[in-house]
Amino acid sequence: MRNPLLRFTGAVLAGTFLTGCSVNAPAGPAAASSSTPTYRLTPRPVRPGERPIDAAPVTDGDTRFQVIGLRTGLSEFVGSHGEWQAKGQYVVVRIVADNPGRTNSRFDAKRQRLLTADGTAYGVDRFAQAIKRQPDTLPLGAEVRIEMDLWFDIPKTAKVTAIRLYGDPPLGVGGTTDGATVPLP
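Cut-offs used in this document
- Residue positions are given per chain, counted from 1 along the sequence in the order it is written.
- Owing to the predicted nature of the model, reporting of local features is limited to residues with pLDDT of at least 70; listing and counting of side-chain atom pairs is limited to 80 or more, with chain, interface and lining totals taken over all residues.
- As a rule here, side-chain values come from all non-hydrogen atoms in the structure, and water together with hydrogens is ignored.
- Runs of H or I in DSSP of at least four residues are treated as helices and runs of E of at least two as strands, each being numbered from the N terminus.
- Three labels apply to residues, based on accessible area from a 1.4 Å probe with only protein chains included: buried if under 20% of the type maximum, exposed if over 50%, partly exposed otherwise in between.
- Contact definition: two residues touch when any of their heavy atoms are within 4.5 Å.
- Two aromatic rings from Phe, Tyr or Trp, using only the six-membered ring of Trp, form a pair when their centres are within 6.5 Å; if the ring planes differ by under 30 degrees the pair is stacked, by over 60 it is edge-to-face, and anything between is tilted.
- When DSSP finds at least two bridges between two strands, those strands are taken to pair.
- Axes, fitted as lines to C-alpha atoms, cover a helix only where it is in contact. Angles between the N-to-C directions of the axes lie from 0 to 180 degrees.
- Side-chain atoms within 4.5 Å link the members of a nonpolar core, which is a set of buried Ala, Val, Leu, Ile, Met, Phe, Trp, Tyr and Cys residues.

Asker: Would you mind going over the overall build of the protein chain in detail, with residue names and values included?
Answerer: Scanning the protein chain for helices and strands turns up three helices and 11 strands. Starting at the N terminus and ending at the C terminus, the protein chain contains elements arranged as α-α-β-β-β-β-β-β-β-α-β-β-β-β. Counting the 185 residues in the protein chain, one finds 35% classified as buried. Across the protein chain, every contact between residues at least 6 apart in sequence was considered, and the portion connecting residues at least 24 apart equals 65%.

This is the structure:
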């Protein structure tokens, strides 16, 4: 044997390659039933004045929604060109909308409704949406995911209870969807 260290290194490498790199993999039946991997997204801080919302995703039609943030009681906001006063109070609901399907669907902000304790359903404030540069309508392509704000101007004394989110009906189905309601604290 001319170089025992070289032979030993070769034997260790061969053993590693032949047995695979399964040092951390579970053995037995658990290994066969592994779950689907998920994306690891970088956490980001909640925006000033916003409360994080831990709501389960809901689906309506071809759209899946998740509410992730809420701001209430805003008397004004600042856009890129100036300030704007609320008639009552601005409520901002931060949502994630995604299309898990294989065809295009359409998101329409005008259909979304903020629900209050007195049973009133408020539509988005289109002026606030435009000033804050939030989408009015947009296509959601297959497997597309977006995050945005929905701006509502409601009476100062109104108590927010939920939001009803509306997706696009599945391809080939006419009419509208019933909406999915997410309670808000």
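Structure shown, so let's carry the discussion forward.
Asker: I'd like a description of the packing of aromatic side chains, backed by residues and values.
Answerer: The relation between two aromatic rings is expressed through the spacing of the ring centres and the mutual angle of the planes. Within this structure, the stated rule accounts for five aromatic pairs. On the basis of an interplanar angle of 55° and a centroid distance of 5.0 Å, the ring pair of Phe 77 and Trp 151 is categorised as tilted. With Phe 77 in strand β3 (residues 63-78) and Trp 151 in strand β9 (residues 145-154), the pair connects residues that are 74 residues apart, well separated along the chain. Note on Trp 84 and Phe 127: the rings are 4.5 Å apart at their centroids and 55° apart in plane angle, and the pair reads as tilted. Of the two residues, Trp 84 sits in strand β4 (residues 83-98) while Phe 127 sits in helix α3 (residues 126-131), which places them 43 residues apart along the sequence.

Asker: Any details on the sheet that holds strand β11 (residues 180-183)? Residues and values, ideally.
Answerer: One open sheet holds the four strands; their spatial order is β7-β6-β10-β11, and the pairing between them is antiparallel. The sheet is open, and its two borders are formed by β7 (121-123) and β11, each paired with just one other strand. Recorded for the sheet is a direction-independent mean angle of 30° between the axes of neighbouring strands. Taken together, the three bridges between strand β6 (residues 113-116) and β7 define a ladder with antiparallel strand orientation. In the strand pairing of β7, Arg 113 is matched with Gly 123.

Asker: Give a detailed account of the nonpolar core, specifying residues and quantitative values.
Answerer: Val 67, Val 93, Leu 114 and Ile 163 are the most contacted members of the largest nonpolar core, which totals 29 residues. Secondary-structure elements contributing two or more residues to this core are β3, β4, β8 (137-140), β9, β10 (160-165) and β11. The element that contributes the greatest number of residues to this core is β9, accounting for five residues. Look past the residues within four positions of Ile 163 in its chain and what remains in contact with it is Val 67, Val 93, Arg 113, Leu 114, Leu 150, Phe 152, Ala 180, Thr 181, Val 182 and Leu 184.

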